[in-house]
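Analysis of the macromolecular model
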Amino acid sequence: MPGAEAPMLVITEGQLAGHRWPIDQEVLLIGRSEGCDLVLPERQISRQHARLRREADGYYIEDLGSKNGTFINGQALPPFVPHRLKDGDEIALALCVRMRFISAEATLPLESPPVAWLSQGLIIDRAARRVWVNGREVDPPLSPAQFRALERLALAHGAVVSREELVGYIWPEEDPRGVTEQALDALIRRLRERLAQVDPGRDYILTVRGHGFRLADVPLQLKGQPEER
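Okay, so let's go over this structure. Owing to the predicted nature of the structure, the values given are computational and were not obtained by experimental measurement.

Here four bridges tie strand β12 (residues 122–125) to strand β13 (residues 130–133), and the two strands are oriented antiparallel to one another. Each residue of the ladder has a partner; that of Ile124, found in β13, is Val131. Direction of pairing for β13 relative to strand β14 (residues 136–137): antiparallel, over a ladder of two bridges. Bridge assignment links Val133 to a residue of β14, and that residue is Arg136. Linking β13 back to β14 in an antiparallel pair, the connection comprises two residues, with Asn134 at a positive phi of about 50°.

Below you can see the structure in the form of structure tokens.
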């Protein structure tokens, strides 16, 4: 209906676990081929594995004769027979990639808190060194130095972190006097670019001239403990 959000697919298992794709087109082609709309890298996935199509009465998924099959809630789909999706249906492709179909109504604001992959702002998993921006994972992952810079800013919860503090946290094995301002600026610039690739509408890292850097005022979740360095 007018103004409703698009339904989405949320991958829960596989190499792209944690990613979500709004279904904002009439046909979504899923497979290993670069020509697909949703490209899955697993070798068990066929080049053109399945097709999701919008019809007047809802969304249908169809297995395209894949080698290893398409399953809905554990039941194999016959090839080339469309199946109407319901909110919460689990779609398994070749039993190596699993995803949930989330209807448009379910993506609207709810009274209960959203799960992690629908959260707004930044989610930083310190143990796994993974970062999500507005529900989308930063992929490929941040470099170790980029992750440590973001982690240190997040630990400050919006307070300014000086250049000296950042250098000591990012490169603990280096003599801080040997790390130039240009090296830190280049790292922060690249980190900003990586976050902007996921969410181009916001600058998550702010420069406080003469003092250092801080995170913008966004929702923030820090999960887990850092790995030993």
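After presenting the structure, the write-up continues.
Packing of helix α1 (residues 144–155) against helix α2 (residues 163–170) leaves a shortest axis separation of 9 Å and a crossing angle of 130°. When the interaxial angle is binned, α1 and α2 end up oblique. For the pair α1 and α2, the crossing hand works out as right-handed. Seen from α1, the contacting residues are Ala145, Arg148, Ala149, Glu151, Arg152, Leu153 and Leu155; seen from α2, they are Glu165, Leu166, Tyr169 and Ile170. A breakdown of the residues in the contact of α1 with α2 according to their chemical character gives seven nonpolar, no polar and four charged.

Now for the sheet that holds β13. Here four strands make up an open sheet; going across it, the order is β14-β13-β12-β18 and the pairing mixed. Lying at the two open borders of the sheet, with one neighbouring strand each, are β14 and β18 (220–223). Those strands touched by α1 are β12, β13 and β18, and its axis lies near 115° from that of β12.

What counts and what doesn't
- Residues numbered from 1 in each chain as written.
- Predicted model: local features only at pLDDT ≥ 70, side-chain atom pairs only at ≥ 80, totals over all residues.
- Heavy atoms only, no water.
- Pairing = 2+ DSSP bridges.
- Helix = DSSP H or I, 4+ residues; strand = E, 2+ residues; numbered from the N terminus.
- Axes fitted to C-alpha atoms, helices over the stretch in contact; angles between N-to-C directions.
- Parallel < 35°, antiparallel > 145°, perpendicular 65-115°, else oblique.
- Left-handed = near helix turned anticlockwise from the far one by under 90°.
- Contact = heavy atoms within 4.5 Å.
- Nonpolar A, V, L, I, M, F, W, Y, C, P; charged D, E, K, R; others polar.

Note that every value here comes from positions in space, so none of it alone points to a role or purpose.
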